[in-house]
Amino acid sequence: MVRLLRVACLPALFGARALVEGSAESVSEVCNQESCANVADDSTLLQLKSLQAKESKEDPFGAPTYAQLAQAYAEFVKIPSEELRDLPVLRSPVTLTMGAVELKTPWIGGSFMTRGWNGGIPAPTIRVKPGETLQVLLKNNLGHGPGYEACNLDNAQLGLFMNPDSICDLNTTNLHVHGLHVSPEGDSDNIFKKVAPGNSTEYTIQIPKNHMGGTHWYHPHHHHATAAQAGGGAHGAIIVDDPPGYLPKFVEDMPEKLAFLSLVNVAKMMRLENWGNSRLDAVVWNQTLWKNSLYKNWKWDPLSLVVEEHGNAIKDGAGLKPYVAVNGQFRPKTTIKEGKWYRFRFVLAAIEQRVEVRVDPNAKNQARCEFQLLAKDGVYLNEAPRPIEDIFLVSGSRADVAIRCLCEPSFVFPGATTRPCESHLTYTATRQPMGLGDTGLAVMVVETTDRMLTLVTESSVAPTPTMEPEIEPFAVRRPCYLADLTKVTVAKENTHSLDLPQLYPMMIKVDGKGYTWGHEQPPALAEVPVGQIQEWHVTGIRYHPLHVHVNPYQITSIFNDPYYHVGDWHDTFFSTGIGFATIRLNIDTFTGMMIAHCHNLEHEDNGMMGWFKIIGKEGTKWAGAKTYDPTCYNEAFPGAVAPKKPVVWR
């Protein structure tokens, strides 16, 4: 008996969830070896078949039947994997054009029109060097029309539950360079710039000379439209190049593979689009955004009795659960050499879900792969590499992981090894309902488990492949804005509590006071001096991923978390265990508005965002940096520190 478990959320205020169970006597009832790639891949198909048996009539709103969805999914799992594509790479000056982009959804059939940059999902990768000026011309080719170029300014209920009037102005856009340590003012990383449909603007973003090399990303950040745009497909990677000689030669020479994960949440996007009432011009398909091209009359059903997170959903969400596209492809493959290390740069763009990536232990003809973590959120670990089994990615986070695979002897014929072999990287997409207390007992709702990327492992020398050696532990020389803060004594006036509430209304509280960011800019949460260290005691990170602009932060206290360790640096943080921690920030160089918000993008649009006013003289740096890290640098990378010579006894 194959047992199925489908999770649907009841109102998250109570943190409850409903369970719908179905069963099938055997997988062969709905698929066989030819039609199904893997039993683990096909719980969705079994679920749809089970629901199909209970279906008595077509949906009055024209939505596809379960039989149609099951047929589409059965065809989806038979599609051969494409080779993972390399994304286009741009260097400054860059032109980004926002417009309508077709997004194929093979697991339900058809496609949708959504928002994207330069005609692709994801957008081209931007590469910059420390000390460069990134110049961006941003054009907005989205359409005009009532209902999506303004917000209802009379609504006073923002922050209370999920409010339709918090999702608006959906075709006005801008640019945020997520993770870069740059100015938030003027034409730099200024999220208050607005580019209306038909207009354009320019950004001039000066990358500091001592900026650490790393993996970041860019997306729109126009308040009330961030989820619909960034979560709908308008996103791309930014890679800051490592200076020559910055990394050990062995790490520097690793072949790189970018894996940009776009988590496509059809049901969520349909609801956001319905609330925002956004339409394209007639010259582009004459079709509402996020309306399926195969099922023309498919609508968001406001009369449904089924609850999806905080509001109603389409049918019961079957077949509409979120799916991950890798570089815009579903279930692609990439070929690697057996025994060789590869550097994978993982980026996750999602509205709300967290994704856990691991190797599928049940895959046929399995390769044994190991993960060695190098960096998180664009900052190298203090001591790298770190062996891990799972990669935890929350909306907006990144991970640089060295991966090496080896073909295993066959379980059927223990003396033989089949080459090439393969390993399936699978993902589990989960989310955290609010309101269950700030403890590790809070329930995680599992929404999707599926195959993400296949690593096809080839051997150039059979039967014994060449194995590259283990990665020797290393520590990079750090810029002074990333000097270790774990042993710093922080002034009392720079110590604050920051709370991301477990219950409504949506807001960020600092020292017990906070505001919902509605249609008008609220007061600053606090003033923070440039050139000093801040310590924040953070709660609520079991429910809300905390993202801070301008300055990354270092974890200085956390309880028994398998992925987030004391000393790690982040700009987006969502605890896998207990929902509180202590972080420290070096408020370095830049003054102005430092934004902090929940990176569940719908929560941010609904008001869970605030700002800190950085005061003082622009350019001021923390005077104590070299006391705690004598080799740190404030200008261009001066070269690696020579290893200490061993003591010679005479």
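These numbers come from a predicted model, not from an experiment.

I'd like a rundown of the overall build of the protein chain, residues and numbers included.
Looking only at helices and strands, the protein chain has seven helices and 39 strands in total. Counting over 650 residues, the protein chain shows a buried share of 61%. Long-range contacts, defined as pairs at least 24 residues apart, comprise 78% of the intrachain contacts of the protein chain with a sequence gap of at least 6. A total of about 25400 Å² of accessible surface is found on the protein chain, and carbon and sulfur atoms cover 54% of it.

Which residues make up the state of the cysteines, and what values do they have?
One pass over the full model with this rule turns up three disulfides. The disulfide that involves Cys-369 links it to Cys-405, with 2.0 Å between the sulfurs. Looking along the S-S bond of the Cys-369-Cys-405 disulfide, the torsion reads about 110 degrees, which is the right-handed sense. Taken together, the positions of Cys-369 in strand β21 (residues 367-376) and Cys-405 in strand β25 (residues 398-407) put the pair 36 residues apart, joining distant regions of the chain.

A description of the environment of Gly-120 should follow, citing residues and the corresponding values.
The residue Gly-120 is located in the loop between β7 (111-117) and β8 (125-128) in this model. When its relative accessible area of 17% is taken as the criterion, Gly-120 is described as buried. Setting aside residues up to four positions removed in sequence, Gly-120 forms contacts with Val-101 and Gly-233.

Go over the pairing of strand β12 (residues 214-219), please, and point to the residues and values.
The element β12 is extensively covered by neighbouring structure, given that six of its six residues are classed as buried. Side chains of β12 alternate between two faces, with Gly-214, His-216 and Tyr-218 and Thr-215, Trp-217 and His-219 buried alike. Strand direction decides the pairing type here: strand β10 (residues 176-178) and β12, joined by three bridges, are antiparallel. From the neighbouring strand, Val-177 faces β12, where its bridge partner is Tyr-218. Where β12 lies against strand β13 (residues 236-240), five bridges are found, and the strand directions are antiparallel. Paired with Thr-215 across the bridge in β13 is Ile-239.

Talk me through the side chain of Asp-241; I want residue IDs and the actual numbers.
Locating Asp-241 in the fold gives a position in the loop between β13 and α4 (249-252). Among the polar contacts listed, one links the side chain of Asp-241 to the side chain of Arg-91, at a separation of 2.8 Å. Setting aside its immediate chain neighbours within four residues, Asp-241 contacts Arg-91, Arg-127, Val-128, Lys-129, Pro-130 and Gly-213.

Give me the lowdown on the packing of aromatic side chains, citing residues and values where you can.
Applying the stated rule across the entire model yields 19 aromatic pairs. Their ring planes at 20 degrees and their centres at 5.7 Å tell us that Trp-622 and Tyr-628 sit as a pair that is stacked. The exposure class of Tyr-628 is partly exposed, given its relative accessible area of 37%. Clustering of aromatic rings is evident, with ring pairs tying together Tyr-73, Phe-76, Trp-107, Tyr-323 and Phe-330. Here Lys-376 stacks its cationic end above the ring of Tyr-563, 4.6 Å away from the centre of that ring.

Any details on the sheet that holds strand β9 (residues 133-140)? Residues and values, ideally.
Taking strand neighbours across the sheet as the criterion, the four strands line up as β7-β6-β9-β11 in an open arrangement whose pairing is mixed. For this open sheet the edge positions go to β7 and β11 (200-206), each flanked by a neighbour on one side alone. Within this sheet the neighbouring strands show an average axis-to-axis angle of 25 degrees, counted without direction. Examined bridge by bridge, strand β6 (residues 94-104) and β9 share five bridges and lie parallel to one another. The residue of β9 that forms the bridge with Met-98 is Asn-140.

Provide a residue-level description of helix α5 (residues 266-276), including the pertinent values.
α5 sits mainly inside the fold: 10 of its 11 residues count as buried. Of the positions making up α5, those classed as buried are Val-266, Ala-267, Lys-268, Met-269, Met-270, Arg-271, Leu-272, Glu-273, Trp-275 and Gly-276.

Tell me about the environment of His-235, and name the residues and values.
Note on placement: His-235 falls in the loop between α3 (226-230) and β13. Among all residues touching His-235, those that are not within four sequence positions of it are Trp-117, Ile-121, Pro-122, Ala-123, Trp-217, Tyr-218, His-219, Ala-230, Phe-260, Ser-262 and Ala-349.

Pulling in residues and values, what's your account of the nonpolar core?
One recurring pattern in soluble globular proteins: nonpolar side chains tend to sit buried together. Counting residues in hydrophobic clusters, the biggest one holds 132 residues, and the most contacted among them are Phe-346, Ile-391, Met-452, Met-594 and Phe-612. In this structure, Val-94, Leu-134, Leu-142 and Val-240 belong to the second largest nonpolar core, which totals 23 residues.

Help me get a handle on the pattern of salt bridges, residues and values and all.
Between side chains of opposite charge, a pair can form when the charged atoms approach closely. Overall, the coordinates contain 28 salt bridges when judged by the stated rule. Arg-115 is the partner of Glu-273 in a salt bridge, and the nearest nitrogen-oxygen pair spans 3.0 Å. Of this pair, Glu-273 sits in helix α5 while Arg-115 sits in strand β7, and the two are 158 residues apart along the sequence. What makes Glu-273 buried here is its relative accessible area of 4%. Looking at Arg-115, the relative accessible area reads 0%, which means it is buried. The partner of Arg-358 in a salt bridge is Asp-390, with the nearest N and O atoms 3.3 Å apart. In this pair, Arg-358 sits in strand β20 (residues 354-359) while Asp-390 sits in the loop between β23 (386-388) and β24 (391-393), placing the two residues 32 residues apart along the sequence. Residue class for Arg-358 comes out partly exposed when judged on its relative accessible area of 22%. What you see here is one network of salt bridges that share partners, running through Arg-91, Arg-127, Lys-129, Asp-241, Asp-242, Glu-256, Arg-343, Arg-345 and Asp-400.

Talk me through the sheet that holds strand β5 (residues 89-90); I want residue IDs and the actual numbers.
Pairing within the open sheet is mixed, and its five strands lie in the order β5-β8-β13-β12-β10. Where the open sheet ends on each side, the last strands, each with one partner, are β5 and β10.

Got a sec to walk through the confidence of the model for the protein chain? Specific residues and values, please.
Fine structural detail should not be taken from predicted coordinates in areas where pLDDT scores are low. Of the residues in the protein chain, 77% have a pLDDT of 70 or more, and the chain-wide mean is 82. Taken as a whole, residues 1-40 scores under 50 in pLDDT and shows 92 contacts with residues more than four places along the chain or in a different chain. Across residues 302-316, where pLDDT falls below 50, the model places 51 contacts with residues more than four positions away in sequence or in other chains.

Explain the side chain of Asp-588 to me, and be specific about the residues and the numbers.
Along the chain, the position of Asp-588 falls in the loop between β37 (580-586) and β38 (592-598). With no salt bridge to any partner, buried Asp-588 finds its closest opposite charge in Lys-621, at an N-O distance of 4.1 Å. Within the structure, Asp-588 has its side chain in polar contact with the side chain of Thr-589 (distance 2.6 Å). Discounting chain neighbours no more than four positions away, the residues touching Asp-588 are His-181, Tyr-481, Val-530, Asn-551, Thr-620 and Lys-621.

Break down unusual backbone geometry for me, with residues and values.
Put simply, Ser-92 and Pro-93 share a cis peptide bond, and its omega is 0 degrees. You can see Pro-93 is positioned in the loop between β5 and β6. Between Ala-384 and the following residue, Pro-385, the backbone shows a cis peptide bond with an omega angle of 0 degrees. Residue placement: Pro-385 occurs in the loop between β22 (379-380) and β23.

How would you explain the pairing of strand β17 (residues 323-326) if you had to name every residue and give the values?
Because side chains alternate across β17, one face comprises the buried residues Tyr-323 and Ala-325, and the other comprises Val-324 and Val-326, equally buried. Here strand β14 (residues 256-264) pairs with β17 via four bridges, running antiparallel. Bridge pairing in β17 links Leu-261 to Val-326.

Thresholds applied
Residues numbered from 1 in each chain as written. Predicted model: local features only at pLDDT ≥ 70, side-chain atom pairs only at ≥ 80, totals over all residues. Heavy atoms only, no water. Helix = DSSP H or I, 4+ residues; strand = E, 2+ residues; numbered from the N terminus. Buried < 20%, exposed > 50% of the residue type's maximum accessible area, 1.4 Å probe, protein only. Contact = heavy atoms within 4.5 Å. Areas by Shrake-Rupley, 256 points an atom, 1.4 Å probe, with all protein chains shown as cover. Disulfide = S-S within 2.5 Å. Pairing = 2+ DSSP bridges. Polar contact = N/O pair within 3.5 Å; in protein donor to acceptor, adjacent residues only side chain to side chain. Phe/Tyr/Trp six-rings, centres within 6.5 Å; stacked < 30°, edge-to-face > 60°. Lys NZ or Arg CZ within 6 Å of the ring centre and 35° of its normal. Axes fitted to C-alpha atoms, helices over the stretch in contact; angles between N-to-C directions. Core = buried A, V, L, I, M, F, W, Y, C linked by side-chain atoms within 4.5 Å. Salt bridge = Lys/Arg side-chain N within 4 Å of Asp/Glu carboxyl O. pLDDT = per-residue confidence, 0-100. Lys, Arg positive; Asp, Glu negative; His and termini not counted.

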